Amino acid sequence: QVQFVESGGGLVQPGGSLSLSCAPSGSIWSFNRMGWYRQSPGKQRELVATISSGGSTNYAESVKGRFTISRDTAKNTVYLQMNSLKPEDTAVYYCNAEKYAPQRVQYWGQGTQVTVSS
């Protein structure tokens, strides 16, 4: 079982910035892909951003140009830098890690609340 240490959520005004971090119990190199998803009340969980083991990144259209996913292999941590935050970014943000072999398995963090409000 994979455990995650997530941090960085909180309350921020529209236009502000927050940075989330996620450190898995195993090496980040043991996962094919890591990323962040979010879920707001009454909505399905949605992909925010991912980074592959090769370093390729993928973003939801709604966050492109505002959010940046990165990793620090020395610290075994994945980050999500969120700028120009909007009220519609309010959600619980979940760290995610995936392995593809021998079968696809996803692991989830406990989630951290991000609230964008004036």
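You'll find the structure just up there.
These numbers were taken from a predicted model, which means no experiment stands behind them.

About the criteria used
Residues numbered from 1 in each chain as written. Predicted model: local features only at pLDDT ≥ 70, side-chain atom pairs only at ≥ 80, totals over all residues. Heavy atoms only, no water. Disulfide = S-S within 2.5 Å. Helix = DSSP H or I, 4+ residues; strand = E, 2+ residues; numbered from the N terminus. Buried < 20%, exposed > 50% of the residue type's maximum accessible area, 1.4 Å probe, protein only. Pairing = 2+ DSSP bridges. 1 Å grid on protein atoms, 1.4 Å probe; cavity = no way out; pocket = protein on both sides within 12 Å on 5 of 7 lines; lining within 4 Å. Points joined across faces, edges and corners; volume = space filled by probe spheres on them. Salt bridge = Lys/Arg side-chain N within 4 Å of Asp/Glu carboxyl O.

1. Considering the state of the cysteines
- Across all of its chains, the model carries 1 disulfide by this definition.
- There is a disulfide in this structure between C22 and C95, and the S-S distance comes to 1.9 Å. Judged by the sign of its S-S torsion, about -80°, the bond between C22 and C95 is left-handed. Here C22, found in strand β3 (residues 18–24), pairs with C95, found in strand β9 (residues 91–99); they are 73 residues apart in sequence, far enough to count as distant. Here the two residues C22 and C95 agree in accessibility, since each one is buried.

2. Structural notes on the pairing of strand β11 (residues 112–116)
- Only one face of β11 is covered, namely the face carrying T112, V114 and V116; the face carrying Q113 and T115 is uncovered.
- Direction of pairing for strand β2 (residues 10–12) relative to β11: parallel, over a ladder of 3 bridges. Of the residues in β11, the one forming a bridge with G10 is V114.
- Across 3 bridges, the pairing between β9 and β11 is antiparallel. When the sheet's bridge partners are listed, Y93 is paired in β11 with T112.

3. Some details on empty space enclosed by the protein
- Considering all chains together, one arrives at 1 cavity of 30 Å³ or more under this definition.
- The calculated volume of the largest cavity comes to roughly 60 Å³.
- Along its surface, the largest cavity is lined by I28, F31, N32, R33, M34, I51, S52, S53, R71 and V78.

4. Details of the pattern of salt bridges
- Applying the stated criterion across every chain yields a total of 6 salt bridges.
- Measuring nitrogen to oxygen at the nearest pair gives 2.8 Å for the salt bridge that ties K64 to E61.
- Relative accessible area serves as the criterion here: at 44%, K64 is assigned to the partly exposed category.
- Given a relative accessible area of 63%, E61 falls into the exposed group.
- Ionic pairing is found between E98 and R104, a salt bridge with its closest N-O pair at 2.8 Å.
- What makes E98 buried here is its relative accessible area of 1%.
- A network of salt bridges, in which partner residues are shared, links R38, E46, R66 and D89.

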